[in-house]
Amino acid sequence: VLSRIEDAQGRSFFYFRDETYGDGFEEQIQKYFIEKDEEAKEKLGALKEKMRQTHMQVLEDYMEPMSSVRQAFEDLQEAIHRDFPVPDNPQAIDTMRERHAHTALAQSRRGLYLPVEEWIMRVHAHLDTRAHVSHPLVIVAPPGGGKTAFVSNYVSTYRHFLPQALWHQFFVGCTSESTNYQRVCVVLMQAIRDRFGIDDPVPKRCKAGEWQRELLIWMSMAATRGRMVVFIDGIDQVDDAHDSALDLRWLPRTFPAEVRTVITCSPGPALDAMLERGWPVLELEDLDLETRAEMAERYIGYRSYPAVDAVVMQDILEMGIARNANMLIQVVDEVCILNKSGRGAEQADYLMLLQAQDIMGFYDYLLWKWEAFFDSIHPNFVRRVMCLVWASRWGIAEQELLNVTCDISRIGLLHFFNTTKYCWIWSDGLVNFSVGALRNATEMRYLPTKLEKIQVHRQLGGYFRTLPLGRRRLDEEAWQWMQGESWLELLTTFNNFAYFPRLYDTEDGTYHCDLLRYYTAVDKHLDASNGLLQGIQRFEATGPEPAAFFTIAQQLADFFAEVGKPREAAEMYRKMLDQPDDVTTSSFAMRMRIAGLRVSLAKLLRNRWDAGEHDFALLNEARSGLDKALETYTDLVNAAEDAYDSAMADRDMPASERRLAAKVLEDTRMEFADVLGFVGRLCLLQGDFEAGEDFLRRGLTAFEAYTHSNHPAVGVITQGLAELFYQRRIYDKAEAMARRTVMVRHLCYGWNHPEFASALVTLASILSAVGNEYEAEAMLRRQAKILAMYPDADAGEQTKAARKVGDNVEGANPWQGPDGTHGATKSILKTSDAYATAGKAAVGWPKETFADEEEGEEGEKGKGE
């Protein structure tokens, strides 16, 4: 510290014990606390004085050891929070943890690497911004063939070529959870949101077929704001147990030109899916003998190992698995360790090593060798530790291993990890496998049957259940029960309403997706919805505070609506609305919440009507609830305006309270205007056109007054007015409102968004009704072009022919936009929660249909004849 004071400033702390501390001990103990040698005393005093002169923090003359411990804890905590601040957004915390795991893996692959010029130039050409590229580059190699090392070193070395671009790396398989394709999508979208300052929340409630469309929209938002380079490594390791992820239906077929993507994989179903799409492939060839020799020599020098006998080295280089870069390094390292330990002369281990003909054989040998050494110290040591690491979701901590195994000593565990340290990755205090092949070898050797896998998952589930309710328990417990197929234990975990709200948290990038997966898994074996209802009954029986009960009950009602249980959701909403008046009107916040519940119930009933349950009692109940909500919001707006006026008039009021009053007023006004528009659209369904027009116009006036004339909500109301006038055959007003909707959607979303396509359909219907068939047909063609970019979530993906010459020519790709000028109109794309408008296009329209619009009509007519 004293030799590099500038680097240590603010991060180093000194604590000096009181010199009289040892006086109270017996004479035989005093020698450990009191220095008798005068020369040593002088040196110690000089050292202390030198520490004081550094102007770092020094705690003088503490009397009790625990005083220094407490002070050190506070000092270190303050320094860590200062230098590594915690993000305000919980989702950012989750994404930061995910990025740390990927960064740790990337750094572990940068120690020794031999670049291959041909591979680098191929990726350079793909990332060249002068070319219009709308497809990824696929890098193919067998497991251990150097894909991860190539990606990691390429990004580290060449990212300065595009310094303004967002470079994003995702290593599938670096944690157990990273194999979930939803995490690939969520982490990528969160990176786009953080880098480009997008206000929209990252979607986490998407169905299986909706991820591709959402990912495409977010990449388009990145393309309108800058450039982006995406590397997805090991896509073949995506977990195929959920939604058949290896067919890659969640991955877009085409990408914006400003988003360059590189994907690596091993041969298998994922590669077959990408070859079917016609994406170009870069195959990493096996290492030749000369390259192998150079890599082995550099590795031995890098690790400072003694030289290996030339005959032994030649045997290694001629092994079949030595053609694989990762395996070559592992084998060389193993032989060097044998020589260093003095066991190389015995040849037994060496001959056993030479029998490994593939990657799995080598790692099986490695586990056998570990057993021979560590199991002699403690029976089944290697098996128990490796199984627990294998079964963990994000990795497992050292203390957790000690707690689960109980009889393994800490010194033995540390010795094991230190000896085998190049096989592990440590991130956030959790240990995990550095390569997927070691995970697979552990499974094959120690957990060959499904029953054995279930047992180790249940063992970890039982352990994590004993922990306090915190991040580690939320991460692991329910997931372990699901992997262990303990459906009753899993149900009793998430129907515990101390646990459920933490999982339901929609701000977190992981937990809400997890809750949906847990519910779906349990519901295949047990009545999950009934289990949740029993849980809320137990929670209500404990007599919670009304605010706490409303929070939990509303989350449960929203969750029921999300998983397709509208009747259970409606019952939960009605149960909350049936509370006594002294509860529902107790405060401004409670009245706001009750009004919001009435709106949520009305939306749920409206969705049931849209789903085909055409019972006018649903609309009548929704209308009644909205009328009450509208009355409440009217009073709340008046109260919020009075509070705001008082806050602005009081000059002594703190600025924070003024900002709070302004925000409450803004939120209340927006809710009020939104309810006006919703009531108007509901009146339209009921056939009450006069009331519908009145509410819609009031809502339009409110939004224009509270926001601006081009707010997205304005487009929703003007489209409702256009549909209302169209049904009443007032076509001039209908056309005016429809054109305004098109303008607003274009300004808010851009020319290639589904919401803009929905506005075009409405305008085309009105134009067709007044006889303007030419313009109506042009609108429909344009709408079909837009929807052709996005897959239909409810339709199976059609097989696409292999890519042809000319597909990548400028103007030949739909991402180019009108007339082949991508980005001619800068757009601010927004994601949408619903894609119902896209269903108006009954048949998907292939892109090739629009290759030549001018001859399209005559050609189709000729084919028909």
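Residues numbered from 1 in each chain as written. Predicted model: local features only at pLDDT ≥ 70, side-chain atom pairs only at ≥ 80, totals over all residues. Heavy atoms only, no water.

The next point concerns the overall build of the protein. The helix and strand tally for the protein stands at 37 helices and 10 strands. The buried share of the protein, taken over its 865 residues, is 48%. Long-range contacts, defined as pairs at least 24 residues apart, comprise 73% of the intrachain contacts of the protein with a sequence gap of at least 6. Element-wise, carbon and sulfur atoms account for 51% of the exposed surface of the protein, whose accessible area totals about 41,800 Å². (Helix = DSSP H or I, 4+ residues; strand = E, 2+ residues; numbered from the N terminus. Buried < 20%, exposed > 50% of the residue type's maximum accessible area, 1.4 Å probe, protein only. Contact = heavy atoms within 4.5 Å. Areas by Shrake-Rupley, 256 points an atom, 1.4 Å probe, with all protein chains shown as cover.)

Turning our attention to the nonpolar core. Among the nonpolar cores identified, the biggest contains 98 residues, and Leu490, Phe494, Leu532 and Tyr633 are the most heavily contacted of them. Top contributing element to this core by residue count: helix 29 (residues 588-610), with 11 residues. Sequence-distant contacts of Leu490, defined by excluding residues within four places in its chain, comprise Ala478, Trp481, Met482, Tyr518 and Val522. The next biggest cluster of nonpolar side chains, apart from the first, holds 63 residues, and it includes Val331, Phe433, Leu438 and Tyr463. (Core = buried A, V, L, I, M, F, W, Y, C linked by side-chain atoms within 4.5 Å.)

Alternating positions in strand 3 (residues 137-140) separate into two faces, Leu137 and Ile139 on one and Val138 and Val140 on the other, with burial throughout. In this structure, strand 3 lies alongside strand 6 (residues 259-265), joined through 4 bridges in parallel fashion. If you follow Leu137 over to strand 6, its bridge partner there is Val262. Bridge count for strand 3 against strand 7 (residues 281-283) is 3 bridges, and the pairing is parallel. What sits directly across from Val138, in strand 7, is Val281. (Pairing = 2+ DSSP bridges.)

Here we come to the side chain of Gln182. Positionally, Gln182 belongs in helix 8 (residues 181-196). Sequence-distant contacts of Gln182, that is, excluding residues within four places in its chain, are made with Trp211, Asp243, Cys513 and Arg517.

Taken as a whole and judged by the stated rule, the model has 39 salt bridges. Note that Asp364 is salt-bridged to Arg445, the shortest N-O span being 2.9 Å. Here the residue Asp364 occupies a position in helix 15 (residues 359-374), and Arg445 occupies one in helix 19 (residues 436-446), the gap between them amounting to 81 residues. Residue classification places Asp364 among the partly exposed positions, given a relative accessible area of 32%. In this structure, Asp407 and Arg384 form a salt bridge, with 2.8 Å as the shortest nitrogen-oxygen distance. A residue pair is termed long-range when its members are at least 10 positions apart, and Asp407 in the loop between helix 17 (398-405) and helix 18 (410-419) and Arg384 in helix 16 (residues 381-391) qualify at 23 residues. The structure contains a network of salt bridges with shared partners spanning Arg465, Arg473, Glu477 and Glu489. (Salt bridge = Lys/Arg side-chain N within 4 Å of Asp/Glu carboxyl O.)

A few words now on the packing of aromatic side chains. Within this structure, the stated rule accounts for 32 aromatic pairs. Sitting over the ring of Phe16, Lys48 keeps its end group 5.2 Å from the ring centre. Here Arg195 stacks its cationic end above the ring of Phe196, 6.0 Å away from the centre of that ring. (Phe/Tyr/Trp six-rings, centres within 6.5 Å; stacked < 30°, edge-to-face > 60°. Lys NZ or Arg CZ within 6 Å of the ring centre and 35° of its normal.)

On to the packing of helix 22 (residues 487-494) against helix 24 (residues 511-523), then. Contact geometry of helix 22 with helix 24 gives a least axis separation of 10 Å together with a crossing angle of 140 degrees. One element, helix 22, and the other, helix 24, form an angle in the oblique class. Crossing handedness for the pair helix 22 and helix 24: left-handed. For the pair formed by helix 22 and helix 24, the contact residues are Trp487, Leu490, Leu491 and Phe494 on the first element and Leu515, Tyr518, Tyr519, Ala521 and Val522 on the second. In terms of residue class, the contact of helix 22 with helix 24 is built from 9 nonpolar, no polar and no charged. (Axes fitted to C-alpha atoms, helices over the stretch in contact; angles between N-to-C directions. Parallel < 35°, antiparallel > 145°, perpendicular 65-115°, else oblique. Left-handed = near helix turned anticlockwise from the far one by under 90°. Nonpolar A, V, L, I, M, F, W, Y, C, P; charged D, E, K, R; others polar.)

This part takes up helix 22. Within helix 22 the residues assigned to the buried category are Trp487, Leu490, Leu491, Thr493 and Phe494. Seen along its axis, helix 22 keeps its buried residues to an arc of 160 degrees; they face one direction. Of the surrounding secondary structure, the elements contacted by the buried residues of helix 22 are helix 20 (450-465), helix 21 (471-483), helix 23 (500-504), helix 24 and helix 25 (528-541). (Arc of directions from axis to C-beta.)

Of the residues in the protein, 86% reach a pLDDT of 70 or more, and the chain-wide mean stands at 81. Below pLDDT 50 for its whole length, residues 793-865 participates in 112 contacts with residues either more than four positions away or in separate chains. (pLDDT = per-residue confidence, 0-100.)

If you check helix 27 (residues 566-577), its first and last C-alpha atoms are 16 Å apart, about what 12 residues at 1.5 Å a residue would give, namely 16 Å. Along helix 27, the residues that are buried comprise Ala569, Ala570, Met572, Tyr573, Met576 and Leu577. Buried positions in helix 27, seen along its axis, are confined to an arc of 160 degrees and lie on one side of it. Along its buried surface, helix 27 packs onto helix 25, helix 26 (546-562) and helix 29. (Expected span 1.5 Å × (residues − 1).)

Two measures define how a pair of helices packs: the angle their axes make with one another and the distance between the axes. At a minimum axis separation of 11 Å, helix 16 and helix 17 run at an interaxial angle of 125 degrees. As far as their axial angle goes, helix 17 and helix 16 are oblique. Regarding helix 16 and helix 17, the two cross each other, and that crossing is right-handed. For the pair formed by helix 16 and helix 17, the contact residues are Arg384, Val385 and Leu388 on the first element and Leu401, Val404 and Thr405 on the second.

For the rest of this paragraph, the subject is the sheet that holds strand 8 (residues 396-397). Pairing is antiparallel across the open sheet formed by 3 strands, whose spatial order is 8-10-9. This sheet does not close on itself; its edge strands, each paired only once, are strand 8 and strand 9 (424-427). Strand direction decides the pairing type here: strand 8 and strand 10 (residues 430-433), joined by 2 bridges, are antiparallel. Bridged to Ile396 within strand 10 is Val431.

Our next topic: the environment of Thr449. When you line up the elements, Thr449 lands in the loop between helix 19 and helix 20. What makes Thr449 partly exposed here is its relative accessible area of 37%. Only 3.0 Å separates the side chain of Thr449 from the side chain of Glu452, close enough to count as a polar contact. (Polar contact = N/O pair within 3.5 Å; in protein donor to acceptor, adjacent residues only side chain to side chain.)

With that settled, the discussion passes to the sheet that holds strand 5 (residues 228-233). Reading across the sheet, the 5 strands line up as 4-5-6-3-7 and stay open at both edges, with parallel pairing between neighbours. Pairing within the sheet leaves two strands with one partner each, and these edge strands are strand 4 (166-171) and strand 7. Taken pair by pair, the neighbouring strands of this sheet meet at an average axis angle of 15 degrees, ignoring direction. Its contacts with the sheet place helix 7 (residues 147-158) against strand 3, strand 4, strand 5 and strand 6, and it is angled at close to 160 degrees to strand 4.

Moving on, we get to a nonpolar patch on the surface. A contiguous nonpolar surface patch, about 320 Å² in accessible area, is contributed by Leu76, Ile80 and Phe84. With respect to the helices and strands, the residue Ile80 is situated in helix 4 (residues 65-83). Taking the relative accessible area as the measure of exposure, Ile80 reaches 48% and is therefore partly exposed. (Patch = residues over 30% accessible without salt bridge, like charges linked within 9 Å, V, L, I, M, F, W, Y side chains within 5 Å.)

Bridging between strand 9 and strand 10 involves 4 bridges; their strand directions are antiparallel. Residue Trp426 lies in a different strand from strand 10, and its bridge partner there is Val431. In textbook terms, the turn of a hairpin is the stretch between consecutive antiparallel strands, and for strand 9 and strand 10 this stretch comprises 2 residues, one of which, Asp428, has a positive phi near 55 degrees.

On the surface, Glu118, Glu283, Glu285 and Asp286 cluster together into a negatively charged patch. On the secondary structure map, Asp286 appears in the loop between strand 7 and helix 11 (289-302). (Lys, Arg positive; Asp, Glu negative; His and termini not counted. Charge placed at Lys NZ, Arg CZ, Asp CG, Glu CD.)

Bringing unusual backbone geometry into the picture now. A positive phi is found at Cys406, a non-glycine position, where the angle reads about 70 degrees. Along the chain, Cys406 falls in the loop between helix 17 and helix 18. On the basis of relative accessibility, which here comes to 64%, the residue Cys406 falls in the exposed class.

Once that is clear, we can look at the side chain of Lys369. Along the chain, Lys369 turns up in helix 15. Excluding its chain neighbours within four sequence positions, the residues that come into contact with Lys369 are Glu334 and Ile337.

A few words now on the environment of Ala270. Relative to the helices and strands, Ala270 resides in helix 10 (residues 269-276). Accessibility expressed as a relative area gives 1% for Ala270, which makes it buried. Between the alpha carbons of Ala270 and Gln237 there is a distance of 8.9 Å; along the sequence they are 33 residues apart. Excluding residues that lie within four positions of it along the chain, Ala270 makes contacts with Ile235, Asp236, Leu246 and Leu248.

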